[in-house]
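This is what each chain is made of:
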Amino acid sequence: MRVPVPHPRPGIIGENRTMLTPHYCVFPAEGIMDSVLPGWPGCVIRFQTSPAMGARFAQALLIVPPGAGTDAPVDNGLEHFFYVQKGSLTVKVGGRETALPPGGYVYVPAGTPFTLNNMGGEEARALWVKRPYQPAPGVPAPGVILGHRDDAPREDNGPRWRYFLLGNKAMSMDFEMNIMCYAPGAHFWCIETHIMEHGMVMLQGQALQLLGRDWHELWEGDFVWMGPYVPQQIYAVGNVDVEYMLYKDVNRDVTFG
């Protein structure tokens, strides 16, 4: 029996929220294809950005079925950050074994071996950031950091608030990870233009994001890369609070050459 092939819905040609420029991108989750990697048997990695795009870091969605994960300690000289969105992942690092539930996270310093496995019975998903560590003269390198968003420091500013997961005013860190939150109708108070680079994942809600001279509609699951100095501003729309995970490089001087 011939199985009918589903047809695109009428009008789908040309309807596209995806955008890639030399300075920013907007990638809906459904368009990011699967990758598989040596050392991660059974896992799916959906790379959202990397140096191939022009970013100075890599970010991905890591999908780990039950029983899957690393098959040996990972020690590639990079620093890593994992934030669990779904299920549970067990990390072994620095002589400790810790189960990370949804909202749990771990920072692994550069040069520190680790394993990450799904010991539970349901699929686990995590946001994954990795990059070379940039040391600072006279500043000790950071150690392993484990935490949960419910225990993270919170800063409130009326209809806007944020959770500081990693790197808040810690000079040893060369990047921060924050969860930014906006009540419906709230917006950032100015159009930002700064040296920091961003990787942004919409955790929930809908928003309008100014990038350069254009506005883009963002939905849950979308990824946005913002290179240095890209004009940017965000408005929360819809009926629920907007939450997004935000990567930002910090605490290091400019480089030349």
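Sequence positions are assigned chain by chain, starting from 1 and proceeding in written order. Residues qualify for local features only when their pLDDT is at least 70, as the model is predicted, and side-chain atom pairs are given and counted only at 80 or more; totals for whole chains, interfaces and linings, by contrast, use all residues. Computation of side-chain values: all heavy atoms of the structure, hydrogens and water removed.

Visitor: I would appreciate a short explanation of the pattern of salt bridges in the present structure.
Guide: Salt bridges, as used here, are contacts in which a Lys or Arg side-chain nitrogen is within 4 Å of a carboxyl oxygen on Asp or Glu. Throughout the structure, instances matching the rule amount to 13 salt bridges. Linking R56 and E197 is a salt bridge whose minimum nitrogen-to-oxygen distance equals 3.1 Å. With a gap of 141 residues between them, R56 in the loop between β3 (44-49) and β4 (58-64) and E197 in the loop between β14 (175-182) and β15 (198-204) connect regions that are remote in the sequence. Partly exposed describes any residue whose relative accessible area lies between the buried limit of under 20% and the exposed limit of over 50%, with all areas from a 1.4 Å probe on protein chains only and scaled to the type maximum. Owing to a relative accessible area of 47%, R56 belongs among the partly exposed residues under this scheme. Segments assigned H or I by DSSP are reported as helices when at least four residues long, segments assigned E as strands when at least two residues long, and all are numbered from the N terminus.

Visitor: Any chance you could explain a nonpolar patch on the surface here in plain terms?
Guide: A grouping of I195, Y229, V254 and F256 is seen on the molecular surface, where their side chains present a nonpolar patch of about 470 Å² in accessible area. Locating I195 in the fold gives a position in the loop between β14 and β15. By relative accessible area, I195 is classed as partly exposed at 39%. A residue counts toward a patch only above 30% relative accessible area and without a salt bridge, and it is joined to like-charged neighbours within 9 Å or, for Val, Leu, Ile, Met, Phe, Trp and Tyr, to nonpolar neighbours within 5 Å. The Shrake-Rupley method, run with a 1.4 Å probe sphere, supplies the accessible areas, and residue values consider only the shown protein chains as cover.

Visitor: Where do I start with the nonpolar core in this structure?
Guide: One recurring pattern in soluble globular proteins: nonpolar side chains tend to sit buried together. By nonpolar core is meant a set of buried Ala, Val, Leu, Ile, Met, Phe, Trp, Tyr and Cys residues that side-chain atoms within 4.5 Å join together. Counting residues in hydrophobic clusters, the biggest one holds 33 residues, and the most contacted among them are F81, L165, F175 and M177. In terms of nonpolar packing, the next biggest core, distinct from the first, is built from 21 residues, V106, V108, F114 and L116 among them.

Visitor: I tried to follow the state of the cysteines on my own but got confused; where do I start?
Guide: Put plainly, two cysteines are in a disulfide when a covalent bond ties their sulfur atoms together. Pairs of cysteine sulfur atoms within 2.5 Å are identified as disulfides in what follows. In the structure shown here, the tally under the stated rule is 0 disulfides. Here C181 stays free of any disulfide, with the sulfur of C190 as its closest cysteine sulfur at 18 Å.

Visitor: What is the right way to read the side chain of K248 from this model?
Guide: Considering the arrangement of structural elements, one finds K248 in strand β20 (residues 242-249). For K248, a relative accessible area of 17% corresponds to the buried category.

Visitor: I would appreciate a short explanation of the sheet that holds strand β10 (residues 124-131) in the present structure.
Guide: Across a sheet, strands are paired by hydrogen bonds formed along the backbone, either parallel or antiparallel in direction. For two strands to pair, DSSP has to find at least two bridges joining them. Strands sit in the order β3-β4-β10-β5-β8-β11 across an open sheet of 6 strands; the sheet is antiparallel. Edge positions in the sheet fall to β3 and β11 (145-148), since each of these pairs with one other strand and no more. Across the sheet, the mean angle from the axis of one strand to that of its neighbour is 20°, orientation sign disregarded. Axis geometry follows a simple rule: fit a line to the C-alpha atoms, using only the stretch in contact for helices, then measure angles between N-to-C directions, giving values from 0 to 180 degrees.

Visitor: When you look at the environment of N157 in this model, what are you seeing that I'm missing?
Guide: Here N157 lies in strand β12 (residues 154-157). On the basis of relative accessibility, which here comes to 42%, the residue N157 falls in the partly exposed class. Taking the C-alpha atoms as reference points, N157 and E220, 63 residues apart in sequence, are found 23 Å from one another.

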